[in-house]
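# Remarks on the overall topology
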Amino acid sequence: MAGARWLIAALVGLAAMSFVMTPQWIRPWPSGARWWESPGFFPRIALALVVLFGLIELIRLWRGGTIIQSNESDASDSKPAIAIAVAVIVALQIALLPLLGFLASTFLASVAIARVGRLAWMHALGVGAGIALLLWAVFVQLLQVAFPHPQLLDLLG
Amino acid sequence: MQLLADIAQGFAALGTLATWLALIAGALLGIVVGVLPGVGPGVMIAILLPFTYGMAPLTGVCLLLGIYCGAFYGGAVTSILVRTPGEASSIMTMLDGHPMARRGEAARALSLAFMSAFAGGIVSAVLLGVAARPLAALASRFGAAETAMAIIIAGICVAFAYRRQFPAAMMMMGLGFFATIIGIDPNSNELRYTFGQTGLLNGLPLVPVAVGLFGAAQALVMLSSPRSAMPQQALGGARLSLAGFREALTHHQAMAKGLGLGTLIGVLPAVGAALSTSLAWFWARRGSRDPQSFGQGNPEGIVAAESANSSNSGGAMITVLALGIPGDAITAIIMGVFIVHGIAPGPSLYTDKPELVNGIFVGLLMLNVLILACLVALVRPLARLAHVDPRQLALGILALSFVGAYTAANSTYYLWIMLAAAVFGWLCARAHLPTIPLILGMVMGDTLEAALRQALTISDGSLAIFVTRPGAALMLAIAVIAAGVALFGLFRARARRANT
């Protein structure tokens with residue numbers, strides 16, 4: 001419940017700030033444009049929707065309304081530490097992609113994520129190798145997707 | 001005659017090996033995602049969207065439609081055998097299907113479900129062929145004011161479908177609209193909210209956002225949530241019977257109710273299969289000679305629910321093809337295939353690309369035949385896929401999301417957007433905020449802005465254009481009533497809780 005309030009409040013705050021800052025954040029700002037021709041017209045409608053309905057939802061929650069579960073993905077039981085760790089590993093995978101190339105970065109990231117997901121070492125290595133090799137064969141070798149060339153190979157001569 | 005000509009043209013359009021392979025692969029993948037725990041068709045369709053770039057538009061759409069339709073069938077397998085509905089729309093099938101499976105009639109229950117889903121899929125595809133063309137002809141008379149109002153109605157209907165989450169859904173749709181305006185303004189070339197970042201000049205791309213929100217975010221949820229074990233023995237009972245297929249056709253009333261409700265509700269934006277299956281199930285129970293046995297293994301319950309469930313597929317495509325407005329997240333992503341290939345979905349499709357529209361219509365018909373054939377041949381091994389460890393699935397989804405987001409533009413910038421969208425999607429899943437309206441907002445935002453600006457330019461800034469044109473006024477009235485009913489429902493629910 002608290003998480004939902006914080007997330008909605010953050011979205012409402014950001015939207016309200018963007019609404020106010022629109023003339024500064026659209027460059028160059030055409031001050032003489034008629035309201036419906038202004039580049040800020042539609043963004044302000046969108047931001048007003050976020051602020052208005054976000055506030056309605058916040059007031060509903062503040063007055064004792066309950067969080068209603070939708071039919072979409074439910075992460076109530078999800079452990080934030082694991083999700084954050086996985087996101088950090090993916091961020092490292094993206095950052096290291098130009099250095100290590102696709103095959104090595106995918107293998108390392110898959111093994112690390114599998115370990116974070118509490119798969120046994122051998123299992124993690126097997127799944128990581130399988131995923132990396134399969135995707136490398138299909139997308140790099142067969143479909144010729146141009147992933148960055150591993151700079152590490154150049155550095156090592 | 002027009003229908004026969006359309007069918008002939010549709011078959012001719014499907015006449016390439018690549019398109020048939022896409023139909024078969026889509027059908028199989030759809031059944032698989034329906035069976036797999038925690039992976040819905042939206043996840044798979046979002047992941048595969050970037051890979052359709054290199055395909056012809058019809059081939060790409062057929063692949064994604066196969067996944068969409070196949071999942072309707074696949075969801076019944078685990079609902080009936082292990083009482084685990086993969087999708088909300090399979091819950092009503094579970095109510096009667098699982099009791100039948102427990103008393104040793106799993107083959108009968110599965111056969112009833114698949115034949116009913118087959119009938120639903122065929123009827124909804126025919127509806128697409130028959131109804132979409134006149135609707136497109138009507139929509140082709142729309143001016144900018146009517147187009148804007150049609151999009152606003154669609155948006156409110158989507159939020160309305162979330163019932164007590166109406167404000168949250170509207171907020172997320174506003175966020176989606178905002179996401180579309182980042183970048184260079186197409187009208188006046190000003191830079192909007194780019195903060196000096198060159199990557200943002202072309203806007204926030206739909207593909208990595210969709211892949212992140214639906215694919216990678218779901219992988220984060222699956223990896224970080226506790227696992228539930230599937231009973232091994234129950235899945236071994238997956239087989240079919242000819243008598244069960246025949247029996248489905250003998251429950252005329254239940255099937256007619258399911259087909260009628262499913263196709264009608266399928267056309268409405270975002271109302272979705274879950275509502276149509278529950279309404280069809282309750283309606284069938286009301287008219288049944290043996291209403292007491294509903295929920296304890298009555299075949300009519302399965303027939304009504306599954307025929308309603310599957311008959312949503314064609315209806316959902318009608319609004320995309322005839323109006324250019326997606327009804328749900330999946331059709332929004334499928335619309336992405338058109339947009340990527342520079343094709344504007346909507347009424348002009350029928351004059352500009354009739355072979356594409358008819359190809360989709362015939363493709364939907366063929367998909368239902370292919371899916372049923374795949375299930376007859378492979379139901380047992382496919383059912384066993386439910387045993388796959390969700391963590392391994394999540395690893396595969398994450399890796400495919402990574403490749404998919406990268407290949408959309410061969411850019412690591414897209415990977416960062418995908419990761420940001422994944423984290424945001426996971427936060428939304430934690431907070432129970434709906435993300436589907438966000439994607440719908442992103443898909444419809446450009447058209448809405450252009451239509452609003454054009455309408456107001458015509459009227460020289462007068463809002464009267466939305467009430468003086470009869471079509472626009474009617475749609476505005478519907479939109480206001482729908483929003484009013486949704487908000488009134490919220491306050492009434494609160495007052496009721498306060499009284500109790």
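Residues numbered from 1 in each chain as written. Chains lettered and ligands numbered in written order. Predicted model: local features only at pLDDT ≥ 70, side-chain atom pairs only at ≥ 80, totals over all residues. Heavy atoms only, no water.

Residue and element names in this part refer to chain B. Across its 20 residues, helix α20 (residues 412–431) extends 29 Å between first and last C-alpha, which sits within 8% of the 28 Å expected from 1.5 Å per residue. Sitting at the amino-terminal end of α20 is Ser411, which places a side-chain oxygen 3.0 Å from the backbone nitrogen of Tyr413. Positive phi appears at His432, one or two residues downstream of α20, with a value of about 60 degrees. (Helix = DSSP H or I, 4+ residues; strand = E, 2+ residues; numbered from the N terminus. Expected span 1.5 Å × (residues − 1). Polar contact = N/O pair within 3.5 Å; in protein donor to acceptor, adjacent residues only side chain to side chain.)

Once that is clear, we can look at the interface of chain A and chain B. As a measure of interface size, the accessible area lost when the parts come together is often cited. Taken together, the contacts link 73 residues of chain A with 76 residues of chain B. Contact between chain A and chain B buries roughly 6,500 Å² in total, counting both sides, with carbon and sulfur atoms accounting for 73%. Viewed at the interface, chain B and chain A are joined by one salt bridge. Inspection of the chain A/chain B interface yields 14 residue pairs in polar contact (both at pLDDT 80 or more). The element that contributes the greatest number of residues to the side of chain A that touches chain B is helix α3 (residues 80–116) of chain A, accounting for 15 residues. Of the strand pairs in this sheet, strand β1 (residues 26–27) of chain A and strand β2 (residues 191–192) of chain B are connected by two bridges, and their pairing is antiparallel. Paired with Arg27 of chain A across the two strands is Leu191 of chain B, which belongs to β2 of chain B. (Contact = heavy atoms within 4.5 Å. Buried area = accessible area lost by both parts, 1.4 Å probe. Salt bridge = Lys/Arg side-chain N within 4 Å of Asp/Glu carboxyl O. Pairing = 2+ DSSP bridges.)

Attention now moves to the domain arrangement of chain A. What the domain assignment lists for chain A is domain 1 (1–69) and domain 2 (78–157). Of note, the centres of domain 1 of chain A and domain 2 of chain A, computed from C-alpha atoms alone, are 38 Å apart. (Domains from an automatic or database assignment.)

This brings us to the packing of aromatic side chains. All names here are of chain A. According to the stated counting rule, one finds 13 aromatic pairs over all chains in the structure shown. Between Trp35 and Trp36, the aromatic rings sit 5.6 Å apart at their centres with planes inclined by 80 degrees, giving edge-to-face as the arrangement. Ring centres of Trp35 and Phe41 lie 5.6 Å apart, and the angle between their planes is 75 degrees; this geometry places the pair in the edge-to-face category. Exposure remark for Phe41: the relative accessible area of 12% places this residue in the buried category. One aromatic cluster is present, formed by Trp35, Trp36 and Phe41 through successive ring pairs. (Phe/Tyr/Trp six-rings, centres within 6.5 Å; stacked < 30°, edge-to-face > 60°. Buried < 20%, exposed > 50% of the residue type's maximum accessible area, 1.4 Å probe, protein only.)

Here the focus is the environment of Ala109 of chain A. Residues and elements named next belong to chain A. Here Ala109 is to be found in helix α3. The buried category is assigned to Ala109, whose relative accessible area is 6%. Every residue in contact with Ala109, bar those within four places of it in the chain, is listed here: Ile89 and Gln93.

Time to look at the packing of α3 of chain A against helix α9 (residues 206–224) of chain B. Relative orientation of the contacting elements α3 of chain A and α9 of chain B amounts to 120 degrees, with a least axis distance of 9 Å. It follows that α3 of chain A is oblique to α9 of chain B by the angle criterion. Crossing of α3 of chain A over α9 of chain B shows right-handed handedness. Judged by residue contacts, Ile82, Ala83, Val86, Ala87 and Ile113 of chain A of α3 of chain A engage Leu220, Leu223 and Ser224 of chain B from α9 of chain B. Of the residues that constitute the contact of α3 of chain A with α9 of chain B, the class distribution is seven nonpolar, one polar and no charged. (Axes fitted to C-alpha atoms, helices over the stretch in contact; angles between N-to-C directions. Parallel < 35°, antiparallel > 145°, perpendicular 65-115°, else oblique. Left-handed = near helix turned anticlockwise from the far one by under 90°. Nonpolar A, V, L, I, M, F, W, Y, C, P; charged D, E, K, R; others polar.)

As a further point, take the sheet that holds β2 of chain B. Within the open sheet, the three strands sit side by side as β1(A)-β2(B)-β1(B). Their pairing is antiparallel. Looking at strand neighbours, the two that pair on one side only are β1 of chain A together with β1 (183–184) of chain B, the edges of this open sheet.

Two numbers describe a pair of packed helices, the interaxial angle and the distance between the axes. Residue and element names in this part refer to chain B. With their axes 8 Å apart at the nearest point, α9 and helix α19 (residues 390–407) run at an angle of 160 degrees to one another. Regarding the angle of α9 to α19, the classification is roughly antiparallel. Judged by the twist between their axes, the crossing of α9 over α19 is left-handed. Residues Pro208, Val211, Gly215, Ala216, Ala219, Met222 and Leu223 of α9 form the contact with α19, whose participating residues are Pro390, Arg391, Leu393, Ala394, Ile397, Leu398, Ser401 and Ala405. Broken down by class, the residue content of the contact of α9 with α19 amounts to twelve nonpolar, two polar and one charged.

Quick look at the nonpolar core now. Ranked by internal contacts, the top residues of the largest apolar core, which has 227 residues, are Phe114, Phe338 and Ile360 of chain B. There are two domains that each give this core at least three residues, and those are domain 1 (1–69) and domain 2 (78–157) of chain A. With residues near it in sequence (within four places) discarded, Phe338 of chain B still touches Val61, Val320, Leu321, Ile343, Pro345, Leu349, Leu356 and Ile360 of chain B. (Core = buried A, V, L, I, M, F, W, Y, C linked by side-chain atoms within 4.5 Å.)

The next subject is the pattern of salt bridges. Residue and element names in this part refer to chain B. By the definition in use, this model includes 13 salt bridges over all chains. Among the salt bridges present, the one from Arg469 reaches Glu146, with a minimum N-O distance of 2.8 Å. Here Arg469 is found in the loop between α22 (465–468) and α23 (470–499), whereas its partner Glu146 is found in helix α7 (residues 144–160), with 323 residues between them in sequence. For Glu146, a relative accessible area of 6% puts it in the buried group. In this structure, the salt-bridge partner of Glu449 is Arg453, at a minimum N-O distance of 3.9 Å. Within this pair, Glu449 and its partner Arg453 are both found in helix α21 (residues 436–458), separated by four residues, close to a single helical turn. Accessibility assignment for this pair places Glu449 and Arg453 in one class, buried. A single network of salt bridges, built from pairs that share partners, joins Arg103, Glu105, Arg108 and Glu247.

On to a nonpolar patch on the surface, then. Where nonpolar side chains cluster on the molecular surface, the patch consists of Ile84, Val88, Leu92 and Leu96 of chain A and spans about 350 Å² of accessible area. One can find Leu92 of chain A in helix α3. (Patch = residues over 30% accessible without salt bridge, like charges linked within 9 Å, V, L, I, M, F, W, Y side chains within 5 Å. Areas by Shrake-Rupley, 256 points an atom, 1.4 Å probe, with all protein chains shown as cover.)

So, about the side chain of Thr319 of chain B. Residues and elements named next belong to chain B. In this fold, Thr319 is placed in helix α15 (residues 312–323). The class of Thr319 is buried, set by a relative accessible area of 5%. Among the polar contacts made by the side chain of Thr319, one reaches the main-chain carbonyl oxygen of Ile325 at a distance of 3.0 Å.

All right, on to the confidence of the model for chain A then. When the pLDDT values of chain A are averaged, the result is 90; 94% of them are 70 or greater. Here helix α5 (residues 151–155) of chain A is the element of chain A with the lowest mean pLDDT, 85, and α3 of chain A is the one with the highest, 96. (pLDDT = per-residue confidence, 0-100.)

Further remarks concern unusual backbone geometry. For the peptide bond that leads from Arg27 of chain A to Pro28 of chain A, omega is -10 degrees, which places it in the cis range. Summarising the element assignment, Pro28 of chain A is placed in the loop between β1 and α2 (41–62). The phi angle at Asn410 of chain B is positive, at roughly 50 degrees, despite the residue not being glycine. Checked against the element boundaries, Asn410 of chain B lands in the loop between α19 and α20. Accessibility expressed as a relative area gives 40% for Asn410 of chain B, which makes it partly exposed. Unusually for a residue other than glycine, His432 of chain B sits at a positive phi of about 60 degrees. In this structure, His432 of chain B sits in the loop between α20 and α21. Given a relative accessible area of 13%, His432 of chain B falls into the buried group.

Residues and elements named next belong to chain B. Taking 1.5 Å as the rise per residue, helix α16 (residues 329–340) with twelve residues should run 16 Å; its terminal C-alpha atoms sit 17 Å apart, in good agreement. Within α16, ten of the twelve residues are buried, leaving the element largely enclosed by the surrounding structure. Listing the buried residues of α16 in full gives Ala329, Ile330, Thr331, Ala332, Ile333, Ile334, Met335, Gly336, Val337 and Phe338. Phi turns positive, to about 75 degrees, at Gly342, one or two residues after α16.

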